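Single-letter residue listing:
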Amino acid sequence: MCPITPFLRVNFFVLFFFLSNKLSAQVLIPTVADSRQMVSLNGSWKFYLAKTENDANQLNDFFQTDYNTTSFQTIPVPSNWAVLGYEEPVYRGFDSNKASEGFYLYDFNIPKNWGDKRLLLHFGGVWSSAEIWINGIQIGKHESGYTSFSFDITGKLKVDGSNKLAVRVKQVSREYKYDVYDDWTLGGIFRDVTLEAMPLNRWLDYTVIKTTFDKDFKNADLEIKCMVSDTHEGSLPGNYPSPDKPYNLRFTLTQDHEKVFTRQIEIPAHIATSRETNMVFHVESPLHWTAETPNLYHLKIELLENGNVVQSKNEKIGFRQISVEGGIFSINGQAIKLRGINRHDEHPDVGRATKQEHWLQDIKLMKAANINYIRMAHYQHAKGFIELCDELGMYVGEEVSIGGAGNLIYDPSYAGATLVRAYETVTRDINNPSIIYWSVGNEDPLASLNLNALKFVKALDPTRPTMIPWRSETWLPKEIDLLSVHYWHPNEYDQLAGQSTRPIITTEYSHAFGVDSFGGLEARWKALTKHPEGTGGAVWMWADQGIKTPIKRPKEKYDKIVKDDEYLRIDDQGWDGVVDSYRNPTRDYWEVKSVYAQVYPTVDKVPYIAGQNSIIIPLQNDYDFTNLNTIKIKWTLKEDDKVLSTGISTISGQPHTVSNFELPIENLKTFQNQNTYYLWLDFINADGEEIVRKAVELTPRLDLRNRTLPVSKVKVTQSNTIATILVGNISYTFNANTGQLISASLGENKLITNLKPIIWHPLDRGETSVIGSKIAKKLPDLNNYTIKVIDWKIQEDSANAIIDTRVEYRINDKNIFSTNYKYTISSDGNMKVHYEILPQVETPNLPIVGMSLQSAPELTNLYWLGLGPYDAYPNKQSAPVLGVWGGAINSENVHGNKATHWIELSEKKYKIRILNKGYMEHNVSNPQAVNILSSVLGKPEKGRKPNEPALLLQTAAAKPFVGEFIIALETTK
């Protein structure tokens, strides 16, 4: 047991917050209640959907106990009615500000012994407005679509007989736009409905937990503020305190079923008023809560009257302390980095009525992708989800839902709507250790309403920092602890973090739109987080925002995104997840996993000498609290696709440091010409899950790979317009009228049938956003050209034949490009192709630049040494790993854009090997064509193009695009 030192400090709680008179619900700070005090009202409810205002007016008396409900149907609660097929789901609110309304009825009984209890009716979430009646009596109205709320219904229920609960749910209210975002607009009672009983005249109202460590972050004080409310009638007149018997509070703290302490105190009576009691317990060496070490304690608070427990509540707490001192975001004294993702609390099968299975699936997949931080966009998520973040270890940024307000933020009449959302958000989740900051709104201007809401949040909870997402000005008020910008370029993040005096959390910094963008993630991440003030950021978005209903979707509305499920809807603006709607990882998921990896080599190449016994690889430990000695390093030494040796190792290394990993390479005794030697390093965490795989290339200090030995004399023959170069049984044939290779053979076997320039392909959405949709629509196919040879010259000697040619390619009068070629065929039978392509075209950017090789149909396999298996682009290549990849030439394994060292097309006897330190593009619809590329357009980040000129393949510079590669025709070993 840990020793404790209690300090009793008692003070009266003054509630300074006033609520708008529109909110007649009593909003409480809920604590997890003992299960015996709770009754779930989830289940099958009666339901009627009024699709028009006139229909709704016909049901104005639906709450009456004798109302005829024969026209009502049955609906599960919780749920969203659009997901169940009652109407077509709507994305991003209602254009006319008119929408359907839902009318709910539920009959229930309560336990017999609840007649003398105080009763609270809890709603976990109703979108967006709820008006409540019990047994025909109006209870109140609540207007905030995502926050939990409660009503005091004491004395309103019958103990003998059935009770009728009526709820009218409106989707459109005066303030509903506060809760409309870039997402589905889904009406309904979508979270749990529960009834809670407690003592009638004195009860536990709320508990607030605070943990504070000593300067060494070894021992801690556990501060517990406990509000007990009392409604006994006073026995003395006026404002004189009335005497009564005292009561007791008992606090029990346990960890993993082991008792840490129990402390019981007597509280003097306070009749007809509430009292906040403040207890501080000193706990020696508590286990810390962090996302890497999610150690939870169980706190039980009991209210005792005359020695008997009359009420108890339970909290799971974590010893966790946050600081932003000196502009550094720290937890428990250690600076941290937030590897984040934005998440909507929804799933295509249930809308926002998510369950534990959905929460657990998301958190596990996120942790597998090295994500340690979730921004709850843009509203309070289900309580159960946050509790799982506490348990499994995930940092959470929680947001007050006012980000859809627009100019309403300037209207003072919305003060009540703003403050209610702030109050309900903070008070429900104030004790969850996973919540590490509060944010107010999303992408809003600074205004008096959101600033005062933020100040109110800080008054409720001074232990967590605050932000207004999108605001990063240096003059922001001091109450705004954190700066946040959205979608800046890497150099801009670098400049901001380098000058900031406050921590920066970029709550949206890279947009995973569609499947054709998401470029620059690694550059943005590194530019920001290399600075101490650069705390981290959140990718937009976790999952494609899909909704599936039992009704087939409208024809053509969603067809360009969803091809194979006619019931699933994904709006174009919601197609932005790193996983799809059903949580299947996309290419972007693997990019996130790699960029966010906490352990990795700091180099991608290591020099060595053949015969060297070992090499040193520096490893970065970017964990905040985890030593490298908990990580297994599974290594594989490879020569092209051949495994030379393997092993498993561990080393020690403190967080935020670099440690040297010494790796034995005794098996690497010799160095073969043209082969590549490299290591795969698989980092495995303590749970046996892969953190990431990275590769390190071994480069010889004495590079012999360019040495060649002559195999035969080079011969040149010319006939009319055809030139053939022979080297032994290898031949290359050119057409002087096109300046291009038209065939290459090994013996009698023709392996190459064409080689031509390529600067265009059908544009994907990402490329279109860079080039411009108007330009892309009117631009002709730049590969559809006529050819004119400007110059043609052959030089030869016994060792080499060189063809120099200049060719003009004309698409039309406004689109022309020229190419200078140098083909060098050497005595080893290899051909080096050097080209310089100068475009004069109407597009400001090219998608690709290179040469397209057409192979013989007998070559049915395609392999490459380079980055794989995923596609790679100049600003999107963290996920693919150096290795030998490939498969059948018509398989999806070889489809896409790959970064290469060499490319190989083969069959059983013969192969073409192309040495190209660039890219390869291959499409299974034309399997024999392989595009050998020197330049590839960088990927945009949604509609924002890269700002580095090298990534844009700009045509206005009037400079040629230069490329070079080597072709070798060989027999297959």
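Residues numbered from 1 in each chain as written. Predicted model: local features only at pLDDT ≥ 70, side-chain atom pairs only at ≥ 80, totals over all residues. Heavy atoms only, no water.

Q: Please clarify how the environment of Arg-693 should be interpreted in this entry.
A: Structurally, Arg-693 can be placed in strand S43 (residues 690-700). Among the residues examined, Arg-693 registers a relative accessible area of 26% and is labelled partly exposed. Residues Arg-693 and Lys-634, 59 residues apart in the sequence, show an inter-C-alpha distance of 9.3 Å. Not counting residues up to four positions away in its chain, the partners in contact with Arg-693 are Trp-680, Leu-681, Asp-682 and Val-881. A polar atom in the side chain of Arg-693 sits 2.7 Å from the side chain of Asp-682. (Helix = DSSP H or I, 4+ residues; strand = E, 2+ residues; numbered from the N terminus. Buried < 20%, exposed > 50% of the residue type's maximum accessible area, 1.4 Å probe, protein only. Contact = heavy atoms within 4.5 Å. Polar contact = N/O pair within 3.5 Å; in protein donor to acceptor, adjacent residues only side chain to side chain.)

Q: Sorry, what's going on with the packing of helix H4 (residues 415-429) against helix H5 (residues 448-460) here?
A: Where H4 meets H5, the closest approach of the two axes is 10 Å, and the angle between their N-to-C directions is 30°. Here H4 is positioned roughly parallel relative to H5, judged by the angle of their axes. At the point where H4 passes H5, the crossing takes the right-handed sense. In this structure, H4 uses Ala-415, Thr-418, Leu-419, Ala-422, Tyr-423, Val-426 and Thr-427 to contact H5, whose residues at the interface are Leu-449, Ala-453, Phe-456, Val-457 and Leu-460. Each residue belonging to the contact of H4 with H5 can be placed in one class, and the counts come to 10 nonpolar, 2 polar and no charged. (Axes fitted to C-alpha atoms, helices over the stretch in contact; angles between N-to-C directions. Parallel < 35°, antiparallel > 145°, perpendicular 65-115°, else oblique. Left-handed = near helix turned anticlockwise from the far one by under 90°. Nonpolar A, V, L, I, M, F, W, Y, C, P; charged D, E, K, R; others polar.)

Q: Hey, could you run me through the nonpolar core in this one?
A: For soluble globular proteins, the rule of thumb is that nonpolar side chains tend to be buried together. Met-831, Ile-912, Ile-967 and Leu-969 are the most contacted members of the largest nonpolar core, which has 76 residues in total. Among residues more than four places away in sequence, those in contact with Ile-967 are Tyr-732, Ile-752, Leu-755, Asn-830, Met-831, Leu-853, Ile-912, Arg-913 and Ile-914. Ranked by size, the runner-up nonpolar core spans 70 residues in total, among them Tyr-178, Tyr-423, Val-440 and Leu-496. (Core = buried A, V, L, I, M, F, W, Y, C linked by side-chain atoms within 4.5 Å.)

Q: How should the environment of Glu-892 be read in this particular structure?
A: One can find Glu-892 in the loop between strand S55 (881-888) and strand S56 (896-906). With a relative accessible area of 59%, Glu-892 lands in the exposed category. Remark: the alpha-carbon pair of Glu-892 and Asn-923, spanning 31 residues in sequence, is separated by 8.7 Å.

Q: Is there a simple way to explain the sheet that holds strand S10 (residues 129-134) in this structure?
A: For sheets, the rule is that strands pair by backbone hydrogen bonds, running either parallel or antiparallel. Spatial ordering of the open sheet is given by S5-S4-S7-S13-S10-S11, a layout of 6 strands whose pairing is antiparallel. Each edge of the open sheet carries a strand with a single partner, namely strand S5 (73-77) and strand S11 (137-143). Within the sheet, the average angular offset between the axes of one strand and its neighbour, ignoring direction, is 25°. Pairing of S10 with S11 involves 6 bridges; the strand directions are antiparallel. Residue pairing in the sheet places Trp-133 in a bridge with Gln-138 of S11. (Pairing = 2+ DSSP bridges.)

Q: How should the pairing of strand S27 (residues 338-343) be read in this particular structure?
A: A regular strand carries its side chains on alternate faces of the sheet. In terms of burial, S27 is largely enclosed, as 6 of its 6 residues are buried. Neither face of S27 is exposed, since Leu-338, Gly-340 and Asn-342 on one face and Arg-339, Ile-341 and Arg-343 on the opposite face are all buried. Note: S27 against strand S33 (residues 534-539), 4 bridges, orientation parallel. If you follow Arg-339 over to S33, its bridge partner there is Gly-537.

Q: Whenever I open this one, the side chain of Glu-941 confuses me. Can you help?
A: You can see Glu-941 is positioned in the loop between strand S58 (929-936) and strand S59 (961-971). Within the structure, Glu-941 has its side chain in polar contact with the backbone nitrogen of His-511 (distance 2.8 Å).

Q: Sorry if this is basic, but what is going on with the UniProt feature "domain: Beta galactosidase small chain/" (unreviewed entry) in the protein here?
A: Mapped onto the present numbering, the UniProt feature "domain: Beta galactosidase small chain/" (unreviewed entry) falls at residues 724-968. Note that residues 724-968 is 5% helix and 56% strand, and that its end C-alpha atoms are spaced 16 Å apart. (UniProt positions renumbered as here; feature names shortened; annotations may be inferred.)

Q: Could you clarify how one ought to interpret the domain arrangement of the protein in this entry?
A: Here the domain parsing of the protein yields domain 1 (37-199), domain 2 (202-322), domain 3 (337-596), domain 4 (599-700) and domain 5 (714-793 + 810-815 + 838-956). Distance from the C-alpha centre of domain 2 to the C-alpha centre of domain 5: 70 Å. (Domains from an automatic or database assignment.)

Q: Even after reading the chapter, I still don't get helix H8 (residues 587-595), so can you show me in this structure?
A: A turn of α-helix holds 3.6 residues, and therefore any two residues three or four places apart point the same way. Of all the 9 residues making up H8, 8 are buried; the element is thus mostly covered by neighbouring parts of the structure. Regarding H8, the residues found buried are Arg-587, Asp-588, Tyr-589, Glu-591, Val-592, Lys-593, Ser-594 and Val-595. Buried residues along H8 sit against helix H2 (356-368), helix H7 (521-529), S33 and S43.

Q: I'm lost on the pattern of salt bridges in this one. Help?
A: What the rule picks out here adds up to 49 salt bridges. Two residues, Glu-302 and Arg-250, come together in a salt bridge whose shortest N-O distance is 2.8 Å. Separated by 52 residues along the polypeptide, Glu-302 in strand S22 (residues 297-305) and Arg-250 in strand S19 (residues 247-255) bring together distant segments of the chain. For Glu-302, a relative accessible area of 8% translates into the label buried. Where Glu-473 meets Arg-471, a salt bridge forms, and the shortest distance between an N and an O atom there is 2.8 Å. Sharing partners across several salt bridges, the network here consists of Arg-191, Arg-343, Asp-345, Asp-362 and Arg-583. (Salt bridge = Lys/Arg side-chain N within 4 Å of Asp/Glu carboxyl O.)

Q: What exactly am I supposed to notice about the sheet that holds strand S8 (residues 117-123) here?
A: Overall, antiparallel pairing links the 4 strands, which are arranged S3-S16-S8-S12 in an open sheet. Every interior strand has two partners, whereas the edge strands, strand S3 (38-40) and strand S12 (149-152), have only one. Neighbour to neighbour, the strand axes of the sheet diverge by 25° on average, direction disregarded. Where S8 meets S12, 4 bridges bridge the pair, whose relative direction is antiparallel. In the strand pairing of S12, Leu-120 is matched with Asp-152.

Q: Is there a simple way to explain the packing of aromatic side chains in this structure?
A: Aromatic ring pairs are described here by two measures, namely the spacing of the ring centres and the angle between the planes. Scanning all chains against the criterion turns up 44 aromatic pairs. Where Phe-62 meets Trp-133, the ring centres are 5.5 Å apart and the plane angle is 85°; that geometry is what we call edge-to-face. Note that Phe-62 is positioned in the loop between helix H1 (53-57) and S5 and Trp-133 in strand S10, a separation of 71 residues in sequence. Pair check on accessibility: Phe-62 and Trp-133 agree, each one buried. Between Trp-81 and Tyr-104, the aromatic rings sit 6.5 Å apart at their centres with planes inclined by 40°, giving tilted as the arrangement. Here Trp-81 is found in the loop between S5 and strand S6 (90-91), whereas its partner Tyr-104 is found in strand S7 (residues 101-108), with 23 residues between them in sequence. The same class applies to Trp-81 and to Tyr-104, which are both buried. Taken together, the aromatic side chains of Trp-45, Phe-47, Trp-81, Tyr-86, Tyr-104, Tyr-106 and Phe-108 make up a single cluster linked through ring pairs. Sitting over the face of the ring of Phe-385, Arg-343 holds its NZ or CZ atom 3.9 Å from the ring centroid. (Phe/Tyr/Trp six-rings, centres within 6.5 Å; stacked < 30°, edge-to-face > 60°. Lys NZ or Arg CZ within 6 Å of the ring centre and 35° of its normal.)

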